[in-house]
Amino acid sequence: MKPNKIKALWADGKPVLNGWLSIANAFTAEIMAEQGYDSITIDLQHGVVDYQAAVGMLQAMRSSEVTPLVRVPWLDPAAIMKALDAGAYGVICPMINNRAQAQELVSYIRYPPDGTRSLGPTRANFSAGSNYAFEADENILCFAMIETAEAFQNVEEIVSTPGLDGVYIGPADLTLGLTGKRYTVGFDREESEMVDAIQTILAKAHQVDIRAALHCGTPSYAAKALGWGFDLVTLPNDVRLLASAASASVTEARKLMRA
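Residues numbered from 1 in each chain as written. Predicted model: local features only at pLDDT ≥ 70, side-chain atom pairs only at ≥ 80, totals over all residues. Heavy atoms only, no water.

Asker: What exactly am I supposed to notice about helix H7 (residues 132-139) here?
Answerer: An α-helical turn contains 3.6 residues, so any two residues separated by three or four positions project in the same direction. Those residues of H7 that fall on the buried side of the exposure criterion are Tyr132, Ala136 and Asn139. One side of H7 holds all its buried residues, which, seen down the axis, span an arc of 80°. Exposed and facing more than 90 degrees away from the buried side of H7 are Phe134 and Glu138. The inward-facing, buried residues of H7 abut helix H1 (5-11), helix H4 (77-85), helix H6 (124-127) and strand S5 (141-146). (Buried < 20%, exposed > 50% of the residue type's maximum accessible area, 1.4 Å probe, protein only. Helix = DSSP H or I, 4+ residues; strand = E, 2+ residues; numbered from the N terminus. Arc of directions from axis to C-beta. Contact = heavy atoms within 4.5 Å.)

Asker: Looking at this structure, I do not really get the packing of helix H2 (residues 26-33) against helix H3 (residues 51-61). What am I missing?
Answerer: A packed helix pair is summarised by two numbers, namely the angle formed by the two axes and the spacing between the axes. The contact between H2 and H3 brings their axes to 8 Å, and the two run at 35°. H3 is crossed by H2, and the crossing has right-handed handedness. From H2, Ala26, Ala29, Glu30 and Ala33 reach across to H3, where they touch Gly56, Met57, Ala60 and Met61. Tallied by class, residues from the contact of H2 with H3 come to six nonpolar, one polar and one charged. (Axes fitted to C-alpha atoms, helices over the stretch in contact; angles between N-to-C directions. Left-handed = near helix turned anticlockwise from the far one by under 90°. Nonpolar A, V, L, I, M, F, W, Y, C, P; charged D, E, K, R; others polar.)

Asker: I tried to follow the pattern of salt bridges on my own but got confused; where do I start?
Answerer: Two side chains with opposite charge may pair up if their charged atoms get near one another. On inspection of all chains with the given rule, the structure shows nine salt bridges. Across the pair lysine 204 and glutamate 156 runs a salt bridge, and its minimum N-O distance is 2.6 Å. With a gap of 48 residues between them, lysine 204 in helix H11 (residues 192-207) and glutamate 156 in helix H9 (residues 155-159) connect regions that are remote in the sequence. The salt bridge partner of lysine 224 is glutamate 190, with a shortest N-O separation of 3.1 Å. Pair noted here: lysine 224 is in helix H12 (residues 219-228) and glutamate 190 is in the loop between helix H10 (171-179) and H11, with a separation of 34 residues, a long-range link. Among the residues examined, lysine 224 registers a relative accessible area of 33% and is labelled partly exposed. Exposure remark for glutamate 190: the relative accessible area of 54% places this residue in the exposed category. (Salt bridge = Lys/Arg side-chain N within 4 Å of Asp/Glu carboxyl O.)

Asker: Can you help me understand the packing of aromatic side chains in this one?
Answerer: Under the criterion given, the structure shown has three aromatic pairs. With a centroid separation of 6.3 Å and an interplanar angle of 75°, the aromatic rings of tryptophan 10 and phenylalanine 143 are classed as edge-to-face. Remark: phenylalanine 143 occurs in strand S5 and tryptophan 10 occurs in helix H1; sequence separation between them is 133 residues. Taken individually, tryptophan 10 and phenylalanine 143 each receive the classification buried, so the pair is uniform in this respect. Between tyrosine 221 and tryptophan 228, the aromatic rings sit 5.8 Å apart at their centres with planes inclined by 90°, giving edge-to-face as the arrangement. Tyrosine 221 sits in the buried class, given a relative accessible area of 3%. (Phe/Tyr/Trp six-rings, centres within 6.5 Å; stacked < 30°, edge-to-face > 60°.)

Here you go:
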């Protein structure tokens, strides 16, 4: 089986820059995969991507050096196992609130005897290489998203779940969960209580030798998060990049028209 390059970067003490795909298009995925990201996540939760589109996107990214991840819609064994069978090298699962749910997640990602994953890696047999069934458990990454008040309260029991590789912080939902609508919703938190919460999750993960990831809205905040010690940071997704570039182009053109 082809090794997971995220794990290789971490073994060398290097952080991971993760891209994010919410547009259901193989060409968009192919373009993003050639831009120098270490990994790219296909979003099946909040994006407009369905399973069939995700398979095409995974195929489009195969020729690049990027490591493919999938954020599944929910803690659902069918969705998780199908994402892995399609060739994802890791799963990010939303709304993991306690140890029992974290244990469920791990079980769906690992083959017996360490889990309950059903054997049938239809595409992964080809995209990931030979001997997949025997090497998948050591290569596939399992991330639990910490993004609710309950998850924050239970963070120590979540991070200590055997087989969990890391936690992935969703700062927008975490802010809603911990503070209600007191602050504007968004990714790059500057409020002291939210920075403290984010850094607490990071510290709890590192105390038990698992990884911590953070979803970021800007490269500058991603750099700040890496300075705090995060192992993986997600940069703006394809939707935001397209909107930003298009808006900047139109704005510049209209300024030149008025000149």
